[in-house]
Amino acid sequence: MPRPKSKNHPLVVFGSINIDMVARLHHFPAPGETLHAQGTDLGLGGKGANQAVAVARLGAEVLLMGRTGDDMFADYAATSLRRRGVGPDGLFRSPGDTTGLAMICTDSAGENTIVVAGGANLAMDGDDVARLVPLLTPGAIVLMQCEIPMDTILAAARRVDAAGATLILDPAPVPDAGLPDELFRLATLMTPNETETERLTGLRPHDPDSARQAAGRLHQKGLRRAIIKLGARGVLYSDESGHGFIPPFHVTAIDSVAAGDCFNGGLAVALSQGLDLARATRFAAACGALATTRKGAADAAPTREEVEGLLSAQPR
């Protein structure tokens, strides 16, 4: 797989930055139950930051555009990003706001629950969109998520579409009201998991056939390309030329936090190099699978060498 040509195909992440507070548990507490954590961690997170680190870990240049708060966690976030190969040039320190926080619990099976306090992420507005516009060219690829205000997402998506750039939208978390109809037409590609797909289509996919049916419903809403992630059951991709299925990679999963973000980062890198949807999805699936084999959010992102090793070890 050739090295990225990021100067010709800019990769921009427009989205959230959090500090993750992680508690590792044997099992999730029942209502009213108090548990002692088996371990705790403090680290960099937020879907935007995770995706940016995932891109950088694969050797590509990336610009993260987002907000931190006016607190001690802002410096922690900037330093953590820089240490992981993501420059702080696109960050804006939001006066009077707190940096986003995520409270994460993981269990012994590698599953997780997450509660997010959005903080400065929820202050992103038209000023941030204006800062994004100069970066938009027909070759640019922009990754967005749903941890910032929907009005801001829509405004940014309109500008991405008008510039002829590519928008990869991770519809997570799906808002209570769902996604605006316009967003399905503006996004070049969406990457929902099973739960998100059910929220968007009314159908919870569990195998390639049900995922294909769900993708069809997304296309009916105006979405051009759909990738439906089934976790340990594989990934379905679909566009106007047809659909295909990527079987799961065989890895030992211990923590699923940020696996979807690593998937999207890998997808952006692969598409920026001109790979077709099938090959790009397989590369992304390998990134997501490797992320489940280690703990943490941003720190779970694999290197290019690790991804290429898995692809070679488990050929189609």
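Keep in mind that this is a model prediction, so the values were computed, not measured.

Rules used throughout
- Position numbers for residues count from 1 along each chain, tracking the sequence in the order it is written.
- For a predicted model such as this one, the threshold for reporting local features is a pLDDT of at least 70, and the threshold for listing and counting side-chain atom pairs is 80 or more; totals across whole chains, interfaces and linings nevertheless cover every residue.
- The side-chain values count all of the structure's non-hydrogen atoms but skip hydrogen atoms and water molecules.
- Paired rings are identified among Phe, Tyr and Trp, the last through its six-membered ring, by centres lying within 6.5 Å, and are further divided according to the angle between planes into stacked (under 30 degrees), edge-to-face (over 60) and tilted (the rest).
- Criterion for a charge above a ring: Lys NZ or Arg CZ within 6 Å of the ring centre, and within 35 degrees of the ring normal.
- Under the DSSP-based scheme used, a helix requires at least four consecutive residues in state H or I and a strand at least two consecutive residues in state E, with every element numbered from the N terminus.
- How far a helix is expected to stretch is found by multiplying one less than its residue total by 1.5 Å.
- Three labels apply to residues, based on accessible area from a 1.4 Å probe with only protein chains included: buried if under 20% of the type maximum, exposed if over 50%, partly exposed otherwise in between.
- UniProt positions are given in the numbering used here, feature names are shortened, and annotations may be inferred rather than shown by experiment.
- Only protein atoms enter the calculation, which uses a 1 Å grid: trapped sets of points that fit a 1.4 Å probe without letting it out are cavities, open sets showing protein on both sides within 12 Å along at least five of seven lines are pockets, and any residue with an atom within 4 Å of a point is a lining residue.
- Residue contacts follow a heavy-atom distance rule, with two residues in contact if any of their heavy atoms lie within 4.5 Å.
- Grid points are joined across faces, edges and corners, and a volume is the space filled by probe spheres set on the points.
- Side-chain classes follow a simple rule in which Ala, Val, Leu, Ile, Met, Phe, Trp, Tyr, Cys and Pro form the nonpolar group, Asp, Glu, Lys and Arg form the charged group, and the remainder, Gly included, forms the polar group.
- Fitted lines through C-alpha atoms serve as axes, helices being fitted only where they are in contact, and the angles separating the N-to-C directions of these axes extend from 0 to 180 degrees.
- Note on angle classes: values under 35 degrees are labelled roughly parallel, values over 145 roughly antiparallel, values of 65 to 115 roughly perpendicular, and the remainder oblique.
- The handedness criterion is simple: a crossing whose near helix is rotated anticlockwise from the far helix by less than a right angle is left-handed, and one whose near helix is rotated clockwise is right-handed.
- Residues form patches when they are more than 30% accessible in relative terms and have no salt bridge. Like charges link within 9 Å. Nonpolar side chains (Val, Leu, Ile, Met, Phe, Trp, Tyr) link within 5 Å.
- To measure how exposed things are, a 1.4 Å probe is used in the Shrake-Rupley method; for residues, cover is taken only from the protein chains shown.
- Any carboxyl oxygen of Asp or Glu within 4 Å of a side-chain nitrogen of Lys or Arg constitutes a salt bridge here.
- Throughout this description, the term nonpolar core refers to a set of buried Ala, Val, Leu, Ile, Met, Phe, Trp, Tyr and Cys residues connected via side-chain atoms within 4.5 Å.
- Two strands are counted as paired when DSSP detects at least two bridges linking them.

Enquirer: Help me out: how do you make sense of the packing of aromatic side chains in this one?
Expert: The full count for this structure, using the stated rule, is 0 aromatic pairs. Lying across the ring of Phe-184, Lys-221 places its NZ or CZ 5.2 Å from the centre.

Enquirer: What should I look at first to understand helix 9 (residues 277-291) in this one?
Expert: In an α-helix, one turn spans 3.6 residues, which is why side chains three or four residues apart end up on the same side. Over its 15 residues, helix 9 extends 21 Å from the first C-alpha to the last, a length consistent with the 21 Å expected when each residue adds 1.5 Å. Of all 15 residues making up helix 9, 14 are buried, and the element is well covered by its neighbours.

Enquirer: Help me understand the UniProt feature "binding site: K(+)" (unreviewed entry) in the chain in this model?
Expert: Annotation from UniProt places "binding site: K(+)" (unreviewed entry) at Asp-255, Val-257, Ala-291, Arg-294 and Gly-296. With the annotated positions falling across 42 residues, the maximum pairwise C-alpha distance of 9.2 Å places them together in a single cluster. Considered against the largest pocket, the annotated residues that line it turn out to be Val-257. Within the secondary structure layout, Val-257 lies in the loop between strand 13 (242-246) and helix 8 (259-272). When residues no more than four places from it in sequence are discounted, the contact partners of Val-257 are Ile-104, Thr-106, Asn-112, Gly-296, Ala-297 and Ala-300. Topologically, Gly-296 is positioned in the loop between helix 9 and helix 10 (304-313). With sequence-adjacent residues up to four places away left out, Gly-296 is seen in contact with Asp-255, Val-257 and Ala-258.

Enquirer: Honestly, the layout of surface pockets in this entry has me stumped. Any pointers?
Expert: A probe as big as a water molecule, rolled over the atoms, marks out the empty space that is left. In this structure, the largest pocket occupies an estimated 1500 Å³ of space. Contributing to the lining of the largest pocket are 47 residues, with Asn-112, Asn-193, Ser-256, Ala-259 and Gly-260 lying nearest its centre. Looking at the lining of the largest pocket, the elements with two or more residues in it are strand 2 (18-24), helix 1 (47-57), strand 6 (100-106), strand 7 (112-117), helix 6 (194-201), helix 8 and helix 9. Taken together, the residues of the lining of the largest pocket break down into 22 nonpolar, 14 polar and 11 charged.

Enquirer: Would you take a moment to explain the packing of helix 6 against helix 7 (residues 208-220) for this structure?
Expert: Relative to each other, helix 6 and helix 7 sit at 45°, their axes nearing to 10 Å. With respect to their mutual orientation, helix 6 and helix 7 come out oblique. Crossing angle aside, the handedness with which helix 6 passes helix 7 is left-handed. Packed against helix 6, whose contacting residues are Thr-197, Leu-200 and Thr-201, the element helix 7 presents Ala-214, Arg-217 and Leu-218 at the interface. Of the residues in the contact of helix 6 with helix 7, the class split is 3 nonpolar, 2 polar and 1 charged.

Enquirer: I would appreciate a short explanation of unusual backbone geometry in the present structure.
Expert: Across the chain, the bulk of peptide bonds are trans and the bulk of non-glycine residues have phi less than zero. Pro-173 follows Ala-172 through a cis peptide bond whose omega is -10°. With respect to the element layout, Pro-173 can be found in the loop between strand 9 (166-169) and helix 5 (181-186).

Enquirer: I'm lost on a nonpolar patch on the surface in this one. Help?
Expert: A cluster of nonpolar residues, Met-21, Leu-42, Met-103 and Val-115, forms a patch on the protein surface that exposes about 340 Å² of accessible area. Assignment of secondary structure puts Val-115 in strand 7.

Enquirer: Help me out: how do you make sense of the nonpolar core in this one?
Expert: Counting 56 residues, the largest nonpolar core has Leu-64 and Leu-267 as its most contacted members. Contributing elements (two or more residues each) for this core: strand 1 (11-14), helix 1, helix 2 (72-83), strand 8 (141-144), strand 12 (235-239), helix 8, helix 9 and helix 10. At 11 residues, the largest contribution of residues to this core is made by helix 9. Those residues in contact with Leu-64, other than ones at most four positions away along the chain, are Val-13, Ile-17, Gly-48, Ala-49, Ala-52, Leu-81, Val-86, Gly-90 and Leu-91. Ranked by size, the runner-up nonpolar core spans 39 residues in total, among them Val-12, Phe-184, Ala-215 and Ile-228.

Enquirer: Mind showing me how you'd approach the sheet that holds strand 5 (residues 91-93) here?
Expert: Spatially, 9 strands are ordered 5-4-1-8-9-10-11-12-13 in an open sheet, and the strand pairing comes out mixed. Each of the sheet's edge strands pairs with one partner strand only, and the pair in question is strand 5 and strand 13. By the bridge criterion, 3 bridges tie strand 4 (residues 63-68) to strand 5 in an arrangement that is parallel. Looking at the pairing, Gly-66 lines up with Leu-91 of strand 5.

Enquirer: Would you explain the pattern of salt bridges in this entry?
Expert: A pair can form between side chains of opposite charge whenever their charged atoms are brought close. Evaluation of the coordinates by the stated rule reveals 16 salt bridges. Close ionic contact of Asp-41 with Arg-24 constitutes a salt bridge, the shortest N to O distance being 2.2 Å. Linking Asp-41 in strand 3 (residues 39-45) with Arg-24 in strand 2, this pair joins segments that are 17 residues apart in sequence. In this structure, Arg-204 engages Glu-198 in a salt bridge whose closest nitrogen and oxygen atoms are separated by 3.2 Å. Here the salt bridges do not stand alone but share partners, grouping Arg-67, Asp-125, Asp-128 and Arg-131 into one network.

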